[in-house]
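Close look at the chain arrangement
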Amino acid sequence: MTAHETGPRTAILGGGIGGLAAAAFLHREGLTGTVYEQASRLGEVGAGLVVAPNAARQLRRLGALDELRERAVRLDIGWEFRRWQDGTVLSAEDLAADCERLYGEHTYTAHRADLVAALRSRVPARAVVLGHKCVRVDTRGESLRLEFAHGAVAEADIVIGADGVHSVLRGALFGTSPATFSGLCAFRALVPADQAPDFARRPAQTLWIGPGRHLVHYPVSGGRFVNLVAFAPAGDHTVESWTATATVGEFLAEFAQWDSRLVDLVRASGRPGRWALLDREPLPRWTVGGATLLGDAAHPMFPFFAQGAAQAIEDAAVLARCLADGVGDPAAALRRYEELRLPRTARLQQVSHGRSHINHLADGPEQRERDVRYAHDDPLIANGWIYGYDPDARDAEAVPSR
């Protein structure tokens, strides 16, 4: 602990994006936070993600954006919707010109490991404890007791559950949250850029939409890879796990009748990951006493707005500010955090849920009406409530001053 770090003992379960962001923002506020991560190394799991202006703004405040930009890709084009059959462009947004003008930041794409590394750089080394899988949280005493799989124990005044959709802390506080099988699964893959067609290497976020399916691709890792994420009917596949895999043949079978250029891109995908999308209703509360939830542990959402990582980072920024302002009453500070964040994340959960139907329309009158609407809509303006969010502004959904 450095001389300027004060406050209650805070344990953070999970060393992913949300957990490391929480530790980094706490450190920025002069508070302590220890991250307990079950893996022996950070950042090895995952693929690509979008760092939208609302996330980039918080990373800049942390001093982590410059490091991320060394390995990320700044997008020139986003929300480029293409027709499944022939690649006809239905609409596209000029992010290079408009993002900074509207929201004060650009949009980037990055490998998850690169974002984890950028956040990790803002956390003191001693504050990250690897190889600690939390299996039980006892909330009955004056302090909270953590028990780990290898027998170690720890005590804390505050526990933040940033341990994902299968959160141990959420189970301890609220029981197992019921999940509804969505009927969809997601494929993920990274294609080496030298094996990808030219159209996929552009600094663009492209969405191919068609009957019952859609596929998104964009470059990551400084352009060395193209990230693919695709959504299709799940069939009998019900496993919700980052580590579950499929075959290229299974991936190809879902998109076999699509534009041949897209089929070629899928064919180069190696061994893709595959997991079921389970649907969960927003929780009515996240906090009990000195324990609270953050990120996917609090508000797992479908990835159709590419906001999962961004919302975890926003959570972390607001949580740290609330704890810094309410250091004498941590329980009240956590309730304030929940009050500020829960309505916004619940709204995003709901709009993300509805996106699958719109993207997956069968060819016909409704699909043609959607395509006309896409040609005239401006996603950057329509999603201003997402991208312009500033937790330090008095009006939390105001576009920040620059």
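Just above, that's the structure.
Everything numeric here is computed off the predicted structure, so don't read it as measured data. The numbers attached to residues start from 1 for each chain and follow its sequence in the written order. Totals for whole chains, interfaces and linings use all residues, but because this is a predicted model, local features are given only for residues with pLDDT of at least 70 and pairs of side-chain atoms are given and counted only at 80 or more. Hydrogens and water are ignored here; the side-chain numbers use all heavy atoms of the structure.

**Concerning the overall build of the protein chain**
Selection criterion: Only DSSP runs of H or I with at least four residues qualify as helices, and only runs of E with at least two residues qualify as strands; both kinds are numbered from the N terminus onward. We compute the radius of gyration from the C-alpha atoms alone; for a globule the expected value is 2.2 Å times N to the 0.38, where N is the number of residues. Partly exposed describes any residue whose relative accessible area lies between the buried limit of under 20% and the exposed limit of over 50%, with all areas from a 1.4 Å probe on protein chains only and scaled to the type maximum. We call two residues in contact whenever any of their non-hydrogen atoms come within 4.5 Å of each other. To measure how exposed things are, a 1.4 Å probe is used in the Shrake-Rupley method; for residues, cover is taken only from the protein chains shown.
In terms of helices and strands, the protein chain carries 14 helices and 18 strands. Expected size for 402 residues packed as a compact globule is a radius of gyration near 21 Å; at 21 Å, the protein chain falls within 12% of this value. C-alpha extents for the protein chain along the principal axes are approximately 60 × 45 × 40 Å. When burial is assessed residue by residue, the protein chain has 57% of its 402 residues classed as buried. The long-range share in the protein chain, meaning contacts at least 24 apart out of those at least 6 apart in sequence, stands at 73%. Accessible surface, the protein chain: about 16,400 Å² in total, of which carbon and sulfur atoms supply 49%.

**As for the pattern of salt bridges**
Note the following rule: Salt bridge criterion: a side-chain nitrogen from Lys or Arg within 4 Å of a carboxyl oxygen from Asp or Glu.
If you walk through the whole model with that rule in mind, you get 22 salt bridges. As a salt-bridge pair, Glu147 and Arg145 come within 3.5 Å of each other at their nearest N and O atoms. Take Glu147: its relative accessible area is 23%, and that puts it in the partly exposed class. Judged by its relative accessible area of 33%, Arg145 is partly exposed. One connected set of salt bridges, linked through shared partners, spans Arg136, Asp138, Arg140, Arg145 and Glu147.

**Points about the pairing of strand 12 (residues 158-161)**
Rule in force here: At least two DSSP bridges between two strands are needed for those strands to be called paired.
Taking every second residue as pointing to the same face, both faces of strand 12 are buried, with Ile158 and Ile160 on one and Val159 and Gly161 on the other. By the bridge criterion, four bridges tie strand 1 (residues 10-13) to strand 12 in an arrangement that is parallel. For Leu13, the partnering residue across the bridge sits in strand 12 and is Gly161. As defined by bridge partners, strand 12 adjoins strand 18 (residues 291-293) across three bridges and the pair is classed as parallel. Each bridged residue has a counterpart across the sheet, and for Gly161 the counterpart in strand 18 is Leu293.

**What about the sheet that holds strand 3 (residues 48-51)?**
As summarised here, the arrangement of the three strands in space is 3-7-4, forming an open sheet in which the pairing is antiparallel. One side of each edge strand has no neighbouring strand; the edge strands of this open sheet are strand 3 and strand 4 (73-74). Pairing of strand 3 with strand 7 (residues 108-111), which is carried by four bridges, proceeds in the antiparallel orientation. Bridge assignment links Leu49 to a residue of strand 7, and that residue is Ala110.

**Re the sheet that holds strand 5 (residues 77-83)**
For clarity, the cut-off: The axes are straight lines fitted to the C-alpha atoms, using for helices just the contacting stretch, and the angles between their N-to-C directions are given from 0 to 180°.
Strand order in the open sheet formed by seven strands is 6-5-14-15-16-13-17, with mixed pairing between adjacent strands. A single partner strand is all that each edge strand has here, and the edge strands are strand 6 (89-94) and strand 17 (273-279). Pairs of neighbouring strands in the sheet enclose a mean axial angle of 15°, with direction left out of account. Pairing of strand 5 with strand 14 (residues 204-210) involves five bridges; the strand directions are parallel. Considered in strand 14, the bridge of Phe81 is made with Leu207. Strands in contact with helix 9 (residues 260-267) are strand 5, strand 13 (180-192), strand 14, strand 15 (213-220) and strand 16 (225-233); relative to strand 15, the strand with the most contacts, it is inclined by about 65°.

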